[in-house]
Amino acid sequence: MDLATLARPQLNRRDFVKIASLTVAAMGLSQALNPRIVEALEQVAPAKPPVIWLEGQGCTGCTESFLNNLEPSAVSILLDTISLRYHETAMAASGHQADKALTDTIKAGGYVLVIEGAIPLAQNGKFCTIAGKTFVDIVRESAKNAAVIINVGACSSFGGIPRSGPTDAVGYLFRGKELHHVFDDVGNKPVINLPTCPVHNERLVATIVYYLTFGKAPEMDNYHRPLAFYGKLQHDNCARRGQFEARRFVTDFKDPAQQGRCLILKGCKGPIAFQDCWERQWNQRSNYCIQAGVPCVACSQPEFYQETSPLYAHDYDFGVK
Amino acid sequence: MTRVVVDPLTRIEGHLRIEVEVNNGVITDAWSAGTMARGIEILLKNRDPWDAPYVTSRLCGVCEGVHAIASAQALEDAFDIELTEAGRLMRNVFCAGYYVHDHYVHFYVLSALDYLDIMAIANYKGSDPGLLGIKDKIVGLVVKGDTSPFTPRYEPDAFTVNDPETVTTLVSHYIKAIEMKAKSQKMLNFITGIQPHPNTVMVGGCVATPSREQLLALRDLWLEQKEFVDNVYLPDVLAVGTGPLFPLAKLAIGATDGNYLAYPMLPQDGAAKTEDISFGGSNHLFKGGVVNASGARGTLSDIAGINVAPVDYSKITESVTSSWYNYPQGSTALHPSVGVTEFNLNKTGAYSYFKSPRYSSKPMEVGPLARGLVNKFPALVDFFKAGGREGVVARHLCRALITKSIVDQGIAWIDRLIELRTAGPLVGMNEKAVPRNAKGFGVWDAPRGALGHWVEIENHRIKNYQMVVPSTWNAGPRDENGVKGPYEQSLIGAPVPDTENPINVVRIIRSFDPCIACGVHVIDGRTGKVKVINLQ
Ligand code: SF4
Ligand code: SF4
């Protein structure tokens with residue numbers, strides 16, 4: 001996308017068509033919906049939907065991943081598609097101003113709430129505080145008036161890596177596989193989980209656009225993951241599945257003759273990983289873990305990381321010894 | 001006396017709270033506090049050592065790769081593994097490649113808004129269609145009354161650049177930088193599997209098996225990055241740093257007390273084992289070293305002649321007097337090989353989740369300026385000769401100079417990888433079984449500074465894991481002797497003429513490029529103890 005395109009004060013129909021086709025493709029929707037999405041985007045664009053993006057026990061990796069959008073570019077999403085009212089890494093405001101931007105947006109209500117990072121419950125939430133408030137309280141406040149909640153990454157979905165630490169870190173709804181009911185008091189609103197470590201930028205953008213178009217969450221599984229992205233198993237669709245069936249496994253990374261074989265004996269968790277990394281890939285579809293030669297650690301799963309460790313040891317019962 | 005609190009300190013990675021005391025328009029005291037912890041060192045206990053590079057790379061989504069590398073090096077030291085050439089090169093290319101985007105994203109996206117009066121764009125009078133487009137866009141946002149995320153913001157001050165042409169150009173580069181970042185991550189992904197967060201750096205090297213086509217595509221994308229650095233990033237930093245911002249440089253705004261530490265990084269040839277590293281990393285693109293400035297801060301001038309001592313890794317300790325941790329009875333400072341991470345959230349006098357790292361009992365500034373001084377970058381020597389001093393501007397300059405060396409050097413590594421790949425499959429791994437009992441450490445100079453991982457293995461499992469990370473060095477609190485950490489030092493003396501608008505506080509801290517998630521190993525224990533007179 002050239003600068004002049006980016007710099008237009010307003011996205012035009014061509015840009016919306018691009019975003020719509022990304023969404024249709026990403027979500028596995030019918031092409032027939034394309035015009036409807038374009039129309040919805042044209043309607044929301046003049047009054048861009050407000051977004052609050054919170055970060056708790058995260059690493060900013062999901063923000064980094066979001067910024068990797070090229071078509072449509074992250075900048076055009078930030079400046080033309082949504083109104084990003086609060087995001088600690090991207091916003092110009094500091095300190096008191098930032099805090100006020102958050103409070104004002106919450107008061108006005110009806111925003112998309114994006115949560116990055118886990119929520120630590122131990123010691124009354126003291127393991128993460130911002131402006132003197134605990135992250136647990138900030139999430140509760142922000143969730144009350146939100147229209148929809150999107151949890152980006154493994155951490156805010158299920159607790160991710162921090163769940164294995166000493167801080168009783170949980171996702172918004174789940175502690176691993178279990179519902180924890182900590183935020184039951186904030187009302188019924190769609191909660192969408194987009195796990196993996198970090199979040200996949202295309203899954204995130206398509207989910208936001210879907211919500212803006214249809215005003216509801218896409219069809220989801222029991223873990224609140226959109227079926228379009230998390231409905232199929234890595235192992236059933238893996239390009240190395242033939243190697244698995246032929247019992248040709250990588251046992252020693254040093255051996256060049258073993259490159260391209262099935263990674264199960266190196267701990268591959270593909271047999272429990274529901275995702276479409278095998279098809280969607282990462283970073284403008286340039287590569288993904290197994291294709292790069294490294295076992296899948298099932299970062300899309302609620303079991304990650306507590307139950308999937310050790311990552312590179314074959315100790316799940318997948319029928320291979 | 002006015003006390004000013006900036007929390008959250010935005011446009012950084014992680015959660016940081018800065019508190020300063022202002023007397024007659026000048027900062028006279030400062031406190032830096034990390035306010036989030038995950039206890040990664042604790043969760044690694046009793047795990048399979050192979051997990052460590054993956055888990056520690058998730059310490060930070062901004063400088064993920066260096067953690068994976070430092071962790072893998074610590075384990076390779078413990079396992080006694082030597083890297084293959086392909087393994088070393090793939091790690092170098094990956095690490096160098098993300099250094100590149102990391103530095104210009106820091107300059108344009110995280111820092112520039114502290115120096116530019118973005119609203120000056122409305123007065124752009126030129127005829128460049130791209131820049132007119134930017135003008136239309138910003139004016140369009142203003143007209144519609146929705147200028148987030150550019151507002152609210154601190155008000156421009158005497159040091160702010162407000163020439164419409166310069167501001168508009170830099171904002172157009174802000175937009176371009178984000179696009180280049182996405183492309184750079186795609187480029188790296190040919191050897192990392194997903195980006196950010198590499199999954200291929202492991203104990204023994206790099207498990208990736210890129211094809212020749214992928215390496216050629218990587219090479220093309222690398223050249224595109226080089227072009228951006230050569231024609232946009234470096235010229236912008238030089239123009240602004242020696243132009244409108246030179247007064248800030250001459251005043252040494254944001255200088256620390258003058259002790260600098262850098263570790264070696266990017267091994268050029270031969271074994272990349274820790275043994276080489278402890279000899280000063282002579283075969284590294286950037287060598288490590290220690291600079292102890294004599295005299296008052298901000299008074300260094302002849303940096304070509306300064307004395308650089310080799311790093312002695314046994315001299316590193318961490319203290320927890322002002323941190324929410326306990327140490328065993330009788331210890332105040334511990335070497336990381338015997339370090340302890342045990343939370344105490346109710347500790348009196350503590351105000352941060354950072355520990356206080358020290359080298360020979362002294363706090364050290366780490367990061368680009370330390371790297372520039374230790375390696376005596378010629379352009380930095382010239383900058384000092386012309387009257388530039390340590391501090392905010394020097395840090396931005398060093399970042400650009402580092403990026404330039406890296407983009408220039410990287411192409412040789414890529415070409416060698418292509419040569420190796422043309423001859424046969426790349427073997428980046430030299431794996432070995434986990435030893436029963438062993439100890440090791442690994443160091444690397446992360447974009448934000450000196451990074452070290454220390455590991456102890458017992459019965460094939462991790463017994464103890466300790467990380468002394470760049471932002472702990474820079475952002476750590478007072479130690480047992482009451483000596484302040486570098487962020488705290490750097491704020492003292494800085495002008496804050498308007499306590500409602502403490503723009504210098506954020507400029508100074510952001511010039512370090514804080515990356516907090518990895519450094520904080522909590523809470524606001526100070527609240528209640530300190531009366532906040534003016535919460536800005
Ligand atoms: S175990 Fe992993 S590598 Fe092997 S076929 Fe299944 S998903 Fe693919
Ligand atoms: S392939 Fe597996 S490990 Fe890689 S991103 Fe997808 S779910 Fe995570």
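Criteria and cut-off values
- Residues numbered from 1 in each chain as written.
- Chains lettered and ligands numbered in written order.
- Predicted model: local features only at pLDDT ≥ 70, side-chain atom pairs only at ≥ 80, totals over all residues.
- Heavy atoms only, no water.
- UniProt positions renumbered as here; feature names shortened; annotations may be inferred.
- Helix = DSSP H or I, 4+ residues; strand = E, 2+ residues; numbered from the N terminus.
- Axes fitted to C-alpha atoms, helices over the stretch in contact; angles between N-to-C directions.
- Parallel < 35°, antiparallel > 145°, perpendicular 65-115°, else oblique.
- Left-handed = near helix turned anticlockwise from the far one by under 90°.
- Nonpolar A, V, L, I, M, F, W, Y, C, P; charged D, E, K, R; others polar.
- 1 Å grid on protein atoms, 1.4 Å probe; cavity = no way out; pocket = protein on both sides within 12 Å on 5 of 7 lines; lining within 4 Å.
- Points joined across faces, edges and corners; volume = space filled by probe spheres on them.

For chain B, the name recorded in an unreviewed UniProt entry is Ni,Fe-hydrogenase I large subunit, with Dehalogenimonas alkenigignens as its organism. In the Subunit (unreviewed entry) part of its UniProt record, chain B is described as follows: "Heterodimer of a large and a small subunit." According to UniProt, the comment filed for chain B under the heading Sequence similarities (unreviewed entry) is "Belongs to the [NiFe]/[NiFeSe] hydrogenase large subunit family."

By the naming in an unreviewed UniProt entry, chain A is Hydrogenase (NiFe) small subunit HydA, taken from Dehalogenimonas alkenigignens. Looking at chain A in UniProt, the text filed under Subunit (unreviewed entry) is "Heterodimer of a large and a small subunit." Taken verbatim from the UniProt record of chain A, the Sequence similarities (unreviewed entry) comment is "Belongs to the [NiFe]/[NiFeSe] hydrogenase small subunit family."

Right, let's talk about the UniProt feature "domain: NADH:ubiquinone oxidoreductase-like 20kDa subunit" (unreviewed entry) in chain A for a bit. With numbering aligned to this structure, UniProt lists the feature "domain: NADH:ubiquinone oxidoreductase-like 20kDa subunit" (unreviewed entry) at residues 59-210 of chain A. Secondary structure across residues 59-210 of chain A comprises 36% helix and 22% strand; the distance between its end C-alpha atoms is 27 Å.

Residues and elements named next belong to chain B. Between helix H4 (residues 85-111) and helix H6 (residues 164-192), the least distance of the axes is 9 Å, while the angle of their chain directions is 165 degrees. One way to sum up the angle between H4 and H6 is to call them roughly antiparallel. Crossing geometry of H4 relative to H6 is assigned as left-handed. Split by residue class, the contact of H4 with H6 holds 16 nonpolar, six polar and one charged.

For the rest of this paragraph, the subject is the layout of surface pockets. Residue and element names in this part refer to chain A. What the largest pocket holds in volume is close to 250 Å³. Leu173, Phe183, Asp184, Gly187 and Asn188 are the residues nearest the centre of the largest pocket, which is lined by 15 residues in total. A per-class count over the lining of the largest pocket returns eight nonpolar, five polar and two charged.

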